[in-house]
Amino acid sequence: MHWPHAFERGDNLFPKNPDGTMRYDYIDYKETWKAMEKLISKGLVRAIGLSNFNSCQIDDILSVASVKPAVLQVECHPYLAQNELIAHCHQRGLVVTAYSPLGSPDRMWKHPDEPVLLEEPGIKKLAEKYSKSPAQILLRWQVQRKVIVIPKSVTPARILQNLQVFDFKLTAEEMSYIGSLNKNWRYIVPMVTVDGKLVARDAGHPLYPFNEPY
Ligand code: A2P
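Residue numbering note: each chain is counted from 1, following its sequence as written. Reporting of local features is limited, given that this is a predicted model, to residues whose pLDDT is at least 70; pairs of side-chain atoms are given and counted only at 80 or more, and all residues count toward the totals for whole chains, interfaces and linings. No hydrogens and no water enter the side-chain calculation; it runs on all heavy atoms of the structure.

**Q** Any chance you could explain the overall build of the protein here in plain terms?
**A** Along the protein, the regular secondary structure elements total seven helices and eight strands. For the C-alpha atoms alone, the extent of the protein along its principal axes is close to 50 × 45 × 35 Å. Only protein chains enter the accessibility calculation, which uses a 1.4 Å probe; a residue is then buried when its area is under 20% of its type maximum, exposed when over 50%, and partly exposed in between. Counting the 214 residues in the protein, one finds 42% classified as buried. Residue pairs in contact within the protein that sit at least 24 positions apart in sequence constitute 66% of those at least 6 positions apart. Here, Shrake-Rupley sampling with a 1.4 Å probe gives the accessible areas, and only protein chains in the shown set may cover a residue. Summed over its atoms, the accessible surface of the protein is roughly 12,200 Å², and 56% of this surface lies on carbon and sulfur atoms. Taken as two groups, the 26 positive and 23 negative side-chain charges of the protein have centres that lie 6 Å from each other. By the criteria applied, helices consist of DSSP H or I runs no shorter than four residues and strands consist of E runs no shorter than two, each listed in order from the N terminus. The contact criterion used is simple: two residues touch if any of their non-hydrogen atoms lie within 4.5 Å. Only four residue types enter the tally: Lys and Arg on the positive side, Asp and Glu on the negative side, with His and both chain ends excluded. Think of each charge as sitting on NZ of Lys, CZ of Arg, CG of Asp or CD of Glu.

**Q** It is not clear to me how the pairing of strand β8 (residues 197-200) should be interpreted in this structure. Could you clarify?
**A** Remember that side chains alternate between the two faces of the sheet whenever the strand is regular. Strands are treated as partners if at least two bridges between them are detected by DSSP. In terms of strand pairing, strand β7 (residues 191-194) meets β8 through four bridges, oriented antiparallel. Note that in β8 the partner of M191 across the bridge is A200. Adjacent in sequence and paired antiparallel, β7 and β8 are bridged by two residues, among which D195 carries a positive phi angle near 50°.

**Q** Any chance you could explain the site of the ligand here in plain terms?
**A** Working definition: residue near molecule or strand if any one of its non-hydrogen atoms lies within 4 Å of it. Near the ligand you find 17 residues, and of these S104, S153, V154, T155 and Q161 are the closest. In the environment of the ligand, an oxygen atom lies 2.9 Å from a nitrogen or oxygen atom belonging to the backbone of L102. Any N or O atom pair separated by 3.5 Å or less is treated as a polar contact, with the protein-specific requirement of one donor-capable and one acceptor-capable atom, and with residues adjacent in sequence counted only for side-chain atom pairs. Separating an oxygen atom of the ligand from a side-chain N or O atom of S153 is a distance of 2.6 Å. Protein chains shield 87% of the accessible area of the ligand, which is 580 Å² for the free molecule. If one sorts the elements of the shell around the ligand by residue count, helix α6 (residues 156-163) sits on top with three residues.

**Q** Where do I start with the sheet that holds strand β5 (residues 96-99) in this structure?
**A** Sheet strands pair by backbone hydrogen bonding; their relative direction is either parallel or antiparallel. If you walk across this open sheet you meet the four strands as β3-β4-β5-β6, and the pairing is parallel. Edge strands, defined here as strands with exactly one partner in the open sheet, are β3 (50-51) and β6 (148-149). Where β5 and β6 come together, two bridges link them in parallel fashion. Residue pairing in the sheet places T97 in a bridge with I148 of β6.

**Q** Would you take a moment to explain the packing of aromatic side chains for this structure?
**A** Geometrically, a pair of aromatic rings is defined through the distance of the ring centres and the angle of the planes. Stacked, tilted and edge-to-face pairs are distinguished by plane angle, under 30 degrees for stacked and over 60 for edge-to-face with tilted covering the rest, among Phe, Tyr and Trp rings (Trp via its six-membered ring) whose centres lie within 6.5 Å. Under the defined criterion, the tally for this structure stands at eight aromatic pairs. On the basis of an interplanar angle of 45° and a centroid distance of 5.3 Å, the ring pair of Y130 and F168 is categorised as tilted. Taken as a pair, Y130 in helix α4 (residues 121-130) and F168 in the loop between α6 and α7 (172-179) lie far apart in primary sequence, 38 residues in all. Each member of the pair Y130 and F168 is classed as buried.

**Q** I'm lost on the packing of α4 against helix α5 (residues 134-144) in this one. Help?
**A** Pairs of packed helices are described in terms of their axes, by the angle between the two and the distance that separates them. Axis definition: a line fitted to C-alpha atoms, over the contacting stretch in the case of helices. Angles run 0 to 180 degrees between N-to-C directions. Running from N to C, α4 and α5 point in directions that differ by 95°, and their axes come no closer than 8 Å. Between α4 and α5, the angle is such that the two are roughly perpendicular. Contacts from I123, K124, L126, A127 and Y130 of α4 reach α5 at P134, I137 and L138. Under the scheme applied, nonpolar residues are Ala, Val, Leu, Ile, Met, Phe, Trp, Tyr, Cys and Pro; charged residues are Asp, Glu, Lys and Arg; polar residues are all the others, including Gly. Counted by class, the contact of α4 with α5 contains seven nonpolar, no polar and one charged residues. Orientation labels follow simple angle bins: below 35 degrees gives roughly parallel, above 145 gives roughly antiparallel, 65 to 115 gives roughly perpendicular, and whatever is left gives oblique.

**Q** Honestly, α5 in this entry has me stumped. Any pointers?
**A** Owing to its 3.6 residues per turn, the α-helix aligns residues three or four sequence positions apart on the same side. With respect to burial, α5 is a largely interior element, nine of its eleven residues being buried. Buried residues of α5: A135, Q136, I137, L138, L139, R140, W141, Q142 and Q144, and no others. Where the residues of α5 are buried, they touch β5, α4, β6, α6 and α7. One or two residues past the end of α5 sits K146, with phi positive at roughly 65°.

**Q** Which parts of the structure should I look at to understand the side chain of R107?
**A** Note on placement: R107 falls in the loop between β5 and α4. In this structure the side chain of R107 is engaged in a polar contact, spanning 2.9 Å, whose partner is the backbone oxygen of S104. For R107, the contacting residues outside a window of four places in its chain are E114, Y187 and I188.

Keep in mind that these numbers describe shape and distance, not what the molecule does.
Take a look at the structure:
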């Protein structure tokens, strides 16, 4: 389940009102989860999981689930370290996948003042120390703290490089230093312009996940 909040049912995947706002559905995600479980019992899918759910919503799902979510996928990198959410999931035996682990530098809708993760001086310094790239330091940090990581690249040399993170180890101090770069910065929030200002498109939906601390 990509998000806890839903769009209106139909063939149009991004249904909009004439004024450009989204047309939502208000179905309880627990109901959707029960429907997903049926797909498993029918043999139509092998595994089901969650994405972009917050800690309360995860517990809500666990309270009704007869199939445990295979994974929680969330945006995660040193600027959005997700320490509490990861601990919450690991305590409940859920694995976490970090998406946009490099800060998704290829996004079209970049915020003009956004920090550039791959340019972070402390990360560059560690890259020099280990003769690795900044991307490899970011990936190693996740792997070492038992977070699955899915960097995206269309460049063969980078795809290969992104796999080469198992031949070095960050020290405990370096691990916590990288964690301390956290600034709860989300790169991936669907935004819209209202009265000339960029605002989170779905923040008014009652099931929007990012209104909670984690
Ligand atoms: P490209 O696809 O041109 O190789 P994320 O996984 O955080 O969404 O980031 C994806 C972006 O990061 C893509 O623009 C990709 O570029 C770039 N990227 C992927 N791997 C590396 C790497 N090892 N070094 C630098 N940039 C990378």
